[in-house]
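Residue strings, one per chain:
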Amino acid sequence: MAEQPINPTDAHGSAGVPPPSSDPTSSGPKKSSVGIHGIIESARYSMGEMGPKRSLQTLLTVNQVGGFDCPSCAWGEPDPDHRKIAEFCENGAKAVAWEATRKRVDAAFFAEHSVAALRERDGRWLESQGRLAQPMHLAPGATHYAPIPWEGALALTADRLRGLADPSRAVFYTSGRTSNEAAFLYQLLARRLGTNNLPDCSNMCHESSGAALSETIGVGKGLIALSDITDHADLIIVVGQNPGTCHPRMLTALEQAKRRGARIIAANPLPEAGFGRFHNPQTARGLVGPGTKLADR
Ligand code: SF4
């Protein structure tokens, strides 16, 4: 069967991410962040990927007690009795929307697109085709992935693992976007087999800071609780980090600290909108009022 030409706009053209435009527009740096725009973008993404029912189901349970952890930046949750109905930010809504998208890549997709053709595509296009609908297998010498039943997929994996002289010959790779819950089970499997070869893409992001922290303060992780920022710190110095993009809910914590009288210093190569003025969409002050100026310096 002749290979069908790949239609660049079949992904998201309608609802989600607009295809890259040839003439990018530019504007001066923003002086404030979030506000109503954050709500509109979160809704547009969620509805585009998940539709109304799934959007409500997922966004009302993310970061909630008994819910699931946001698969994005892993910013800490407030105590259970301090959580809001919408305990997520725009990035979180997008990350959840990508995970819970209705789009699927199934056997028909792989029958249409050979491995060689898929290799020509960029990550953004591949990502926007949707979630894998069933296990797929690339048999030796094959040009296309073909469906394989779960039993077959698990038997194939188990045979290979059992055939290893040393379990550390296996590498258990995951994406940093894997949910905490799935990652927890996955590492249990690897360790039960006798290896901790569990690299994931966030190793690249966090390995260096982990090593540097271990060298300087003896522990490769943060040592404070969220309440140290929201309720206790008098001075908060943020160096080389942009909360508005990296951990948007950190803006809420900084706002709480600021309204309690804390002073905030931001040291960064660029002036970031998040430090300028934060329009917290969960407050009237943020939605229709002046918002909160976060950084004093
Ligand atoms: S700050 Fe946003 S992206 Fe990060 S974990 Fe929370 S909801 Fe997710």
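Rules used in this analysis
Residues numbered from 1 in each chain as written. Predicted model: local features only at pLDDT ≥ 70, side-chain atom pairs only at ≥ 80, totals over all residues. Heavy atoms only, no water. Helix = DSSP H or I, 4+ residues; strand = E, 2+ residues; numbered from the N terminus. Contact = heavy atoms within 4.5 Å. 1 Å grid on protein atoms, 1.4 Å probe; cavity = no way out; pocket = protein on both sides within 12 Å on 5 of 7 lines; lining within 4 Å. Points joined across faces, edges and corners; volume = space filled by probe spheres on them. Nonpolar A, V, L, I, M, F, W, Y, C, P; charged D, E, K, R; others polar. Domains from an automatic or database assignment. Buried < 20%, exposed > 50% of the residue type's maximum accessible area, 1.4 Å probe, protein only. Core = buried A, V, L, I, M, F, W, Y, C linked by side-chain atoms within 4.5 Å.

J.: Is there a simple way to explain the side chain of Arg-249 in this structure?
T.: Tracing the backbone through its elements, the reader meets Arg-249 in helix α11 (residues 249-259). Not counting residues up to four positions away in its chain, the partners in contact with Arg-249 are Asn-63, Trp-75, Gly-76, Glu-77, Pro-78, Glu-87, Phe-88 and Cys-89.

J.: For this particular structure, what's the right way to read the layout of surface pockets?
T.: Empty space among the atoms can be located by rolling a probe the size of a water molecule over them. In this structure, the largest pocket occupies an estimated 2000 Å³ of space. Taken together, 47 residues form the lining of the largest pocket, with Cys-73, Ala-74, His-206, Lys-221 and His-247 sitting closest to its centre. For the lining of the largest pocket, the secondary structure elements donating two or more residues are α2 (90-99), α7 (180-193), α8 (202-217), α9 (226-232) and β6 (235-239). Considering every element that reaches the lining of the largest pocket, the biggest residue donor is α8, with nine residues. Taken together, the residues of the lining of the largest pocket sort by class into 25 nonpolar, 18 polar and four charged. Three or more residues apiece are contributed to the lining of the largest pocket by two domains, here domain 1 (165-222) and domain 2 (224-297). Each pocket or cavity is described by its volume, and for the second largest pocket that value is around 1700 Å³. Lining the second largest pocket are 39 residues, with Leu-132, Pro-135, Trp-150, Tyr-173 and Tyr-186 positioned closest to its centre. For the lining of the second largest pocket, the elements supplying multiple residues, two or more each, are α2, β3 (131-132), β4 (136-137), α6 (150-162) and α7.

J.: What is the right way to read the environment of Glu-215 from this model?
T.: With respect to the helices and strands, the residue Glu-215 is situated in helix α8. A residue is classified by how much of its surface remains accessible, and Glu-215, at 70% relative accessible area, is exposed. Taking the C-alpha atoms as reference points, Glu-215 and Leu-161, 54 residues apart in sequence, are found 36 Å from one another.

J.: Before we go on, may I ask you to explain the nonpolar core in this structure?
T.: When a protein is soluble and globular, its nonpolar side chains tend to lie buried together. Grouped together as the largest cluster of nonpolar side chains are 16 residues, with contacts concentrated most on Trp-75, Ile-229, Ile-236, Leu-254 and Phe-275. Those elements that provide at least two residues to this core are α9, β6 and α11. A total of five residues in this core trace back to one element, the largest contributor, which is α11. Formed by nine residues, the second largest nonpolar core is a distinct cluster that contains Met-50, Leu-59, Val-62 and Ala-97.

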